[in-house]
Structure formats: C-alpha cells, structure tokens
Amino acid sequence: MNENKEYITHPDEMGTIQISEDVLGAIAASAAGEIEGVTGLMGAPGGKKSGQRGVRITLEDEGAVVDVYLMVRYGQPIPEVAEKVQAAVAGAVEAMAGFGVRAVNVHVGGVSFQ
C-alpha cells in the first residue's frame, strides 16, 4: 500500500480492514454534492490532503474531523444548506466506513448564480 496515505484500521475476526483517507474524502464529497443548494466543491486551502477536491479529513482517536469547502446557489439559505451538508456527510461516512465523525466543518467560499 502507498505509505503516504493514512488509513483507518478496523480489527475484525478474520483480520483487519483498512480504509484510506481518500475513500473517506470521496464519500464526504459525494454526500455534500447531493444536497440541494450546493453547486460545487472548492479547493481546500493548504493543498489536497485527502485526495478529494473540496474535502479535508483529519483523523483523530475520537473520530474524524471533516472540512468541506463548497459553493452555494444564490438565493439558498446558507445556514440551512450547511446544516444539511453536515448531517449528510456525517451520516454517509459513519454508515459506509463505520468510522465515527467528531465534526463536520462547512466552509462556504462563494455563491453561484447558475
């Protein structure tokens, strides 16, 4: 496996399951993109840590911290869109990866008129 990536390891009766940070980023990006009012994801400041544009994952002992950088459609209530993104991302990561999410930070970097 690539040594530059971080993996979450789940012990199992028959061995271990390793999930890449990139997989968590893809799950989070997909969940955020499904929310009405989100027009796209933006590049995260400081580079591309999780391998998925617009999402940065930080793995901690008590769970993952997910930062989502996005654009919202003009006319949509930004706080409501952000809350829906938080719930969708946390739910998707927990359901698909089985890894707890400690926080989902939504960063709205712009408004889209499309």
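All values reported here derive from a predicted model rather than from experimental measurement.

Undergrad: Whenever I open this one, the pairing of strand S2 (residues 15–20) confuses me. Can you help?
TA: The side chains of a regular strand alternate, first on one face of the sheet and then on the other. Relative to S2, strand S1 (residues 7–12) runs antiparallel, the two sharing six bridges. Pairing of Tyr7 across the sheet is with Ser20, part of S2.

Undergrad: I tried to follow the confidence of the model for the protein on my own but got confused; where do I start?
TA: Detailed conclusions should not be drawn from predicted coordinates in areas where pLDDT is low. Mean pLDDT over the protein stands at 87; residues scoring 70 or higher make up 88%. Per-residue pLDDT, averaged within each element of the protein, yields its smallest value for S1 (75) and its largest for helix H2 (residues 78–97) (96).

Undergrad: Please explain the packing of helix H1 (residues 21–33) against H2 as it appears in this structure.
TA: Packed helix pairs are specified by the crossing angle of their axes together with the interaxial distance, meaning the distance between the axes. One way to put it is that H1 packs onto H2 with a least axis distance of 8 Å and a crossing angle of 140°. Judged by the inter-axis angle, H1 sits oblique to H2. For the crossing formed where H1 meets H2, the hand is right-handed. Taken together, the residues of H2 that come into contact with H1 (itself represented by Leu24, Ile27, Ala28, Ala31 and Ala32) are Val85, Ala88, Val89, Ala92, Val93, Met96 and Ala97.

Undergrad: Just to check I follow, could you spell out the side chain of Ser112 for this structure?
TA: Take Ser112: it is sitting in strand S6 (residues 101–112). Residue Ser112 is classed as buried on the basis of its relative accessible area of 10%. Ignoring anything within four residues of it in the chain, the contact list for Ser112 reads Thr39, Met71, Val72, Arg73 and Tyr74.

Undergrad: Looking at this structure, I do not really get the side chain of Asp67. What am I missing?
TA: With respect to the element layout, Asp67 can be found in strand S5 (residues 63–73). Buried and unpaired, Asp67 has no salt bridge, with Arg56 as the nearest side chain of opposite charge at 5.5 Å. A distance of 3.2 Å separates polar atoms of two side chains, one belonging to Asp67 and the other to Asn105. Here Asp67 is in contact with Gly54, Val55, Arg56, Asn105 and His107, once residues within four sequence places are set aside.

Undergrad: Help me out: how do you make sense of H2 in this one?
TA: Think of an α-helix as 3.6 residues a turn; residues three or four steps apart then line up on the same face. With 20 residues, H2 extends 28 Å between its outermost C-alpha atoms, agreeing within 8% with the 28 Å of an ideal straight helix rising 1.5 Å per residue. Those residues of H2 lying buried are Val81, Ala82, Val85, Val89, Ala90, Ala92, Val93 and Ala97. On an axial view of H2, the arc spanned by its buried residues comes to 165°, and they lie on one face. More than 90 degrees from the buried face of H2, the exposed residues found are Pro79, Glu83, Ala87 and Ala95.

Parameters at a glance
- Residues numbered from 1 in each chain as written.
- Predicted model: local features only at pLDDT ≥ 70, side-chain atom pairs only at ≥ 80, totals over all residues.
- Heavy atoms only, no water.
- Pairing = 2+ DSSP bridges.
- Helix = DSSP H or I, 4+ residues; strand = E, 2+ residues; numbered from the N terminus.
- pLDDT = per-residue confidence, 0-100.
- Axes fitted to C-alpha atoms, helices over the stretch in contact; angles between N-to-C directions.
- Parallel < 35°, antiparallel > 145°, perpendicular 65-115°, else oblique.
- Left-handed = near helix turned anticlockwise from the far one by under 90°.
- Contact = heavy atoms within 4.5 Å.
- Buried < 20%, exposed > 50% of the residue type's maximum accessible area, 1.4 Å probe, protein only.
- Lys, Arg positive; Asp, Glu negative; His and termini not counted.
- Salt bridge = Lys/Arg side-chain N within 4 Å of Asp/Glu carboxyl O.
- Polar contact = N/O pair within 3.5 Å; in protein donor to acceptor, adjacent residues only side chain to side chain.
- Expected span 1.5 Å × (residues − 1).
- Arc of directions from axis to C-beta.

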